[in-house]
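# Fold and geometry: a report
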Amino acid sequence: MSILICGSLAFDTIMTFEGRFAEQILPSQLHILNVSFLVPGLRREYGGCAGNIAYGLRQLGSPAVPLAMVGNDAQDYLKRLQGLGVDTRFIGTTSDNYTAQAMIMTDRDNNQITAFHPGAMSDAHANVVPTDAGVRLAIVSPDGRDAMLSHAEQLHAAGIPFVFDPGQGLPMFNGEELTHFIELASWVTVNDYEGQMLCDRTGLSFEAIAAQVNGLMVTLGAQGCEVWEQGRKTLVPGVTATEVIDPTGCGDAFRAALLHGLAQGWALVRCADLGNRIGATKIASRGGQNYRFNSVD
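What this report covers is the structure whose coordinates are included nearby.

Cut-offs applied
- Residues numbered from 1 in each chain as written.
- Predicted model: local features only at pLDDT ≥ 70, side-chain atom pairs only at ≥ 80, totals over all residues.
- Heavy atoms only, no water.
- Buried < 20%, exposed > 50% of the residue type's maximum accessible area, 1.4 Å probe, protein only.
- Helix = DSSP H or I, 4+ residues; strand = E, 2+ residues; numbered from the N terminus.
- Contact = heavy atoms within 4.5 Å.
- Phe/Tyr/Trp six-rings, centres within 6.5 Å; stacked < 30°, edge-to-face > 60°.
- Lys NZ or Arg CZ within 6 Å of the ring centre and 35° of its normal.
- Pairing = 2+ DSSP bridges.
- Axes fitted to C-alpha atoms, helices over the stretch in contact; angles between N-to-C directions.
- Lys, Arg positive; Asp, Glu negative; His and termini not counted.
- Salt bridge = Lys/Arg side-chain N within 4 Å of Asp/Glu carboxyl O.
- Polar contact = N/O pair within 3.5 Å; in protein donor to acceptor, adjacent residues only side chain to side chain.
- Core = buried A, V, L, I, M, F, W, Y, C linked by side-chain atoms within 4.5 Å.
- Left-handed = near helix turned anticlockwise from the far one by under 90°.
- Nonpolar A, V, L, I, M, F, W, Y, C, P; charged D, E, K, R; others polar.

The next point concerns helix α2 (residues 49-59). With 10 of its 11 residues buried, α2 lies for the most part within the structure. Of the surrounding secondary structure, the elements contacted by the buried residues of α2 are β1 (2-6), β3 (41-47), β4 (65-70), α3 (75-83), β8 (135-140) and α8 (250-264). Positive phi appears at Gly61, one or two residues downstream of α2, with a value of about 85°.

Set out below in structure tokens:
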């Protein structure tokens, strides 16, 4: 079974601020905000939701087929994915743009400020969901706005069940559009902040959203994950990380576990438990694609 990952491929420039953002920003002066953060730590990593999820799936031994768009600077990234056993046939390339770039700054409390340049991702809607590649499961994760809308429609029309994972792309959509995504999807996954925004914009409660899909997962960081299905909420406890080094890509690692479990026919609670474990492993490594995880039992 091929697992299609509709989403972004990006380069992440990750910076470490050793203080706390809250100590540097004066609430009374937000109207004239002018701050500078000293970031002694800086590195460049491979990232993007599709890339991170594909990496996680390969760590778990599942196939990964990204549907994404990159720019003229992505040859090393494509070679890396191919070396991991990722199917790159459906990654398009545009010569007119850079690959998407995320500039991520993390403080000592693991709060993050991100600046994102979409680059080639803005053309991701030019990629069409393949219907002849053995795809039986998919995810629509953060990508270009038009791409997320069209890929959800294409997956639904093809009868391919998919996870709707709006992530950082959620603010791009209004309540009507988000409601339509839910109607098309088989599962929905968000973190607690995104979940509140999803409820606010659609006017739907978690219970109401879950009633329209096979399940809703709301991740809570170290506290675990809420699994909503059949009118019930189950809290799947979190897993304590050996170290807390970098949260970048933790959500994508969780989604890789979710897709892996769904492909195996697991119950959602079991999927969430694996997601919590792989997330705890990931947070102990820097970057979204540098951890090792092979214990799925």
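Okay, the packing of aromatic side chains next. This model, assessed by the stated rule, comprises 10 aromatic pairs. Aromatic side chains Tyr55 and Tyr291 sit 5.2 Å apart centroid to centroid with 75° between the ring planes, which places their arrangement in the edge-to-face category. Of this pair, Tyr55 sits in helix α2 while Tyr291 sits in the segment after α9 (268-282), placing them 236 residues apart in sequence. Neither Tyr55 nor Tyr291 differs from the other in exposure class; each is buried. A ring pair is formed by Phe206 and Trp228, whose centres lie 5.8 Å apart and whose planes are at 55°; its orientation type is tilted. In this pair, Phe206 sits in helix α7 (residues 206-212) while Trp228 sits in strand β12 (residues 225-229), placing the two residues 22 residues apart along the sequence. Like Trp228, Phe206 is buried. Positioned above the aromatic ring of Phe11 is the side chain of Arg44, whose terminal nitrogen or guanidinium carbon lies 4.0 Å from the ring centre. Between the NZ or CZ atom of Arg270 and the centre of the ring of Trp266, over which it lies, the distance is 3.7 Å.

Here we take up the sheet that holds strand β7 (residues 112-117). Ordered in space as β3-β2-β6-β7, the 4 strands form an open sheet in which the pairing is mixed. With one partner strand each, in any of the chains shown, β3 and β7 form the two edges of the open sheet. Sheet twist, expressed as the mean angle between neighbouring strand axes with direction ignored, is 20°. Pairing between strand β2 (residues 10-16) and β3: 7 bridges, direction antiparallel. Paired with Thr13 across the strands is Arg44, a residue of β3. Relative to β3, α3 is tilted by about 60°, and along the sheet it contacts β2 and β3.

Let us now look at the side chain of Asp252. On the secondary structure map, Asp252 appears in helix α8. Notably, Asp252 is buried but unbridged: the nearest opposite-charge side chain belongs to Arg255, and the N-O separation is 5.3 Å. Side chain to side chain, Asp252 and Asn52 meet in a polar contact 3.0 Å long. Not counting chain neighbours up to four residues away, the residues in contact with Asp252 comprise Gly48, Cys49, Asn52 and Ile53.

Let us look at the environment of Ile104. Within the element layout of this structure, Ile104 appears in strand β6 (residues 100-106). By relative accessible area, which is 7% here, Ile104 ends up buried. With near-sequence residues (within four places) excluded, Ile104 lies in contact with Asp12, Thr13, Ile14, Met15, Gln112, Ile113, Thr114 and Thr248.

Ranked by size, the top nonpolar core spans 42 residues in total, and within it Ile5, Leu9, Leu57, Met217, Leu259 and Leu262 carry the most contacts. Only β1, α2, β4, α3, β8, β12, α8 and α9 provide two or more residues apiece to this core. Of all the elements, α8 adds the most residues to this core, at 7 residues. With sequence-adjacent residues up to four places away left out, Leu57 is seen in contact with Ile3, Ile5, Ser62, Pro63, Ala64, Ala256, Leu259 and His260.

With that settled, the discussion passes to the packing of α8 against α9. Axes are the key here: two packed helices are described by the angle between their axes and the distance separating the axes. Contact geometry for α8 and α9: axes closest at 8 Å, N-to-C directions at 145°. The crossing of α8 and α9 is right-handed. For the pair α8 and α9, contact is made by Cys250, Ala253, Phe254, Ala257, Leu258, His260, Gly261 and Leu262 and by Leu268, Cys271, Ala272, Leu274, Gly275, Asn276, Ile278, Gly279 and Lys282, respectively. Broken down by class, the residue content of the contact of α8 with α9 amounts to 11 nonpolar, 5 polar and 1 charged.

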